[in-house]
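# Analysis of the macromolecular model
Letter by letter, the chains look like this.
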Amino acid sequence: MSLPSIKTVAQELGINLGEAISPEQQEQVLVGAMRRDLKPALDILHTKAHEAQKNGGSADWLEDPASEIGKMLTRIHAGDTLRALASKHFCHGLQLSFFNCCKGVVGTPPAQPMLVQIQCQAGPIAHSDC
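The following paragraphs examine the structure supplied in this document.

## Describing helix 3 (residues 39–55)
Along an α-helix, residues three or four positions apart point the same way, because every turn accommodates 3.6 residues. If you check helix 3, its first and last C-alpha atoms are 24 Å apart, about what 17 residues at 1.5 Å a residue would give, namely 24 Å. Taken together, the buried positions of helix 3 are Ala41, Leu42, Leu45, Lys48, Ala49 and Ala52. In a view along the axis of helix 3, the buried residues occupy a sector of 120°, so they form one face of it. With respect to the buried face of helix 3, the exposed residues turned more than 90 degrees away are Thr47 and Lys54. On its buried side, helix 3 packs onto helix 2 (23–37), strand 1 (58–62), helix 4 (68–78), helix 5 (80–90), strand 2 (96–99) and strand 3 (103–107). The positive-phi residue at the C-terminal boundary of helix 3 is Gly56, with phi of around 75°.

Structure below.
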């Protein structure tokens, strides 16, 4: 499960998940669970956001997708909702891009995203069986 602490966070916030909850409450629950369950990966993304801001563009990351942090980064990027919340709450609104299963960019996306995807599949960045 991507965010096992959702129920705990909701309880702590006094939110009953069995009832209709507002979009703001939904965001509170998800962001709180992300902070607990995905903190190491969010810390990397936050650091990369500062790096991107400092250099005026972007910051890349490359992580073994089988590692614990790699799995967390995949969870964050795989779905639109968590990716958007990570951008908003942890990356100062910078765009998050994801390639293959092991590479991402915080900030300005690459000029040639298809080439990056190819390079993540067939080298020199990574391989399809990584």
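## A few points about the environment of Val105
Take Val105: it is sitting in strand 3. On the basis of relative accessibility, which here comes to 2%, the residue Val105 falls in the buried class. In this structure the C-alpha to C-alpha distance between Val105 and Asn55, which are 50 residues apart in sequence, comes to 13 Å. When neighbours within four sequence positions are excluded, Val105 is seen to be in contact with Ser58, Ala59, Asp60, Trp61, Gln95, Leu96, Ser97, Phe99 and Pro110.

## Re the pattern of salt bridges
A complete count under the given rule lists seven salt bridges for this structure. Across the salt bridge formed by Asp60 and Lys103, the nearest N and O atoms sit 3.0 Å from each other. With Asp60 in strand 1 and Lys103 in strand 3, the pair connects residues that are 43 residues apart, well separated along the chain. In this structure Asp60 comes out as partly exposed when scored by relative accessible area, which is 42%. Here Asp80 ties to Arg83 by a salt bridge, and the two come within 3.5 Å at their closest N and O atoms. Taken together, the residues Asp80 and Arg83, both in helix 5 and three residues apart, mark about one turn of the helix.

## A short note on unusual backbone geometry
With phi around 55°, His92 is a residue other than glycine that occupies positive phi space. Here His92 lies in the loop between helix 5 and strand 2.

## Some thoughts on the packing of helix 3 against helix 4
When two helices pack together, their arrangement is given by the angle between the helix axes and by the axis-to-axis distance. Two elements in contact, helix 3 and helix 4, have axes separated by 8 Å at closest approach and are oriented at 75°. Here helix 3 lies roughly perpendicular to helix 4, going by the angle between them. Contacts between helix 3 and helix 4 involve Pro40, Ala41, Leu42, Ile44 and Leu45 on the former and, on the latter, Ile69, Met72, Leu73, Ile76 and His77. Looking at the contact of helix 3 with helix 4, its residues break down into nine nonpolar, one polar and no charged.

## Some points on the nonpolar core
In terms of nonpolar packing, the biggest core is built from 21 residues, with Met34 and Leu45 touching the most fellow members. Sorting the residues of this core by element identifies helix 2, helix 3, helix 4 and helix 5 as the ones contributing at least two each. Dropping the residues within four chain positions of it, Leu45 is found in contact with Trp61, Leu73, Ile76, His77, Cys91, Leu96 and Val106.

Calculation notes
Counting starts from 1 at the beginning of each chain's written sequence and moves along it residue by residue. Given that this is a predicted model, residues contribute local features only at a pLDDT of at least 70 and side-chain atom pairs are listed and counted only at 80 or more, while totals for whole chains, interfaces and linings are drawn from all residues. As a rule here, side-chain values cover all heavy atoms of the structure and leave hydrogens and water aside. Numbering of helices and strands runs from the N terminus, with a helix taken as a DSSP run of H or I at least four residues long and a strand as a DSSP run of E at least two residues long. In this scheme, a helix's expected span is set at 1.5 Å multiplied by one less than its residue total. The buried label applies to any residue whose accessible area, calculated with a 1.4 Å probe on protein chains only, is under 20% of its type's maximum; exposed applies above 50%, and partly exposed to all values in between. The directions from the helix axis to the C-beta atoms are what the arc is built from. A contact between two residues is defined here by any heavy atoms of the two lying within 4.5 Å. The salt bridge criterion pairs a side-chain nitrogen of Lys or Arg with a carboxyl oxygen of Asp or Glu, the two atoms within 4 Å. Note on geometry: axes are C-alpha line fits, over the in-contact stretch for helices, and angles between N-to-C directions span 0 to 180 degrees. Should an angle fall under 35 degrees it is called roughly parallel, over 145 degrees roughly antiparallel, and 65 to 115 degrees roughly perpendicular, with every other angle called oblique. Polar here means any residue other than Ala, Val, Leu, Ile, Met, Phe, Trp, Tyr, Cys and Pro, which are nonpolar, and Asp, Glu, Lys and Arg, which are charged; Gly is therefore polar. Note on terminology: a nonpolar core comprises buried Ala, Val, Leu, Ile, Met, Phe, Trp, Tyr and Cys residues joined through side-chain atoms within 4.5 Å.

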